[in-house]
Amino acid sequence: MNGILIVNKPKGISSFQYLKKIQRKLNLLKVGHLGTLDPNASGVLVLLVGRATKLNQQLSQDTKTYQSLFKFGVETDTLDPEGTVIATSDIIPCMSSIENTLPIVGEIDLRVPHFSAVHINGERAYDLARRGIEFTPPTKTVTIHRFEHLGDFWFEIECSTGTYVRSLAKHLANKLGTVAIAQEIIRTAVGKFRIESAKTLEEIELTDLIAV
């Protein structure tokens, strides 16, 4: 079997674990995924099956689109609800302050979260962080194509691959003079593949395989 599967990953499971569940259900031999989603995030996960795994380099450059709920006034070490609180603020931005600060577009430098999969001296950053080892995560230059306020504290972000939405929550909060975490993260699109056509583990069948 060769092709692409568009999966809707739920919260609470890693991308790799969800891939394995689908691999077992459909009895697939060779499967990879395109663009890891945090366990706390949900949404579009693109699976490459068989010879389609050779398209990883090509497809990994596709833009990603997210909808995210930011929680202002608190910051955790993971920049999501799962972490330990490391800072708080009484400043909760008003809607006009947010609108006046956005849009944030173009190339920006973002600090990679301490709890991330990047390598630091040959080890994953999250492994070092869990062991309490102090280190400074690297910064990455990413491209923000669209950063829109949807209302309340929901935002829609279209960005280059490798962008951490958690870091964007911190970035926006810093501009507003406060702190924040990404309370909810939903990836709604990877390139042309959209969440409307993504299937859950219960729904997905071999007939959903997109030939390439």
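None of these values were measured; they are calculated from a predicted model. (Residues numbered from 1 in each chain as written. Predicted model: local features only at pLDDT ≥ 70, side-chain atom pairs only at ≥ 80, totals over all residues. Heavy atoms only, no water.)

Caption draft 1: Broad picture of the pattern of salt bridges. For the structure on display, the rule yields nine salt bridges. D38 serves as the salt-bridge partner of R166, at 2.9 Å between the closest nitrogen and oxygen. Note that R166 is positioned in helix α5 (residues 165-175) and D38 in the loop between β2 (31-34) and β3 (42-49), a separation of 128 residues in sequence. Here the residues in one salt-bridge network are R146, E148, E156 and E158, joined through shared partners. (Salt bridge = Lys/Arg side-chain N within 4 Å of Asp/Glu carboxyl O. Helix = DSSP H or I, 4+ residues; strand = E, 2+ residues; numbered from the N terminus.)

Caption draft 2: Highlighting the packing of aromatic side chains. A full pass over the atoms with the stated rule returns five aromatic pairs. Ring centres 5.8 Å apart and planes at 85° place the aromatic pair F147 and F155 in the edge-to-face group. Exposure remark for F147: the relative accessible area of 2% places this residue in the buried category. Judged by relative accessible area, which is 0%, F155 ranks as buried. Every member of this aromatic cluster is reached through a ring pair, and the members are F70, F72, F147, F153 and F155. (Phe/Tyr/Trp six-rings, centres within 6.5 Å; stacked < 30°, edge-to-face > 60°. Buried < 20%, exposed > 50% of the residue type's maximum accessible area, 1.4 Å probe, protein only.)

Caption draft 3: Quick look at the pairing of strand β10 (residues 139-151). Where strand β7 (residues 106-111) lies against β10, six bridges are found, and the strand directions are antiparallel. Bridging from a neighbouring strand, E107 pairs with T143 of β10. Linking β10 to strand β11 (residues 154-159), which pair antiparallel, is a turn of two residues; within it D152 sits at a positive phi near 50°. (Pairing = 2+ DSSP bridges.)

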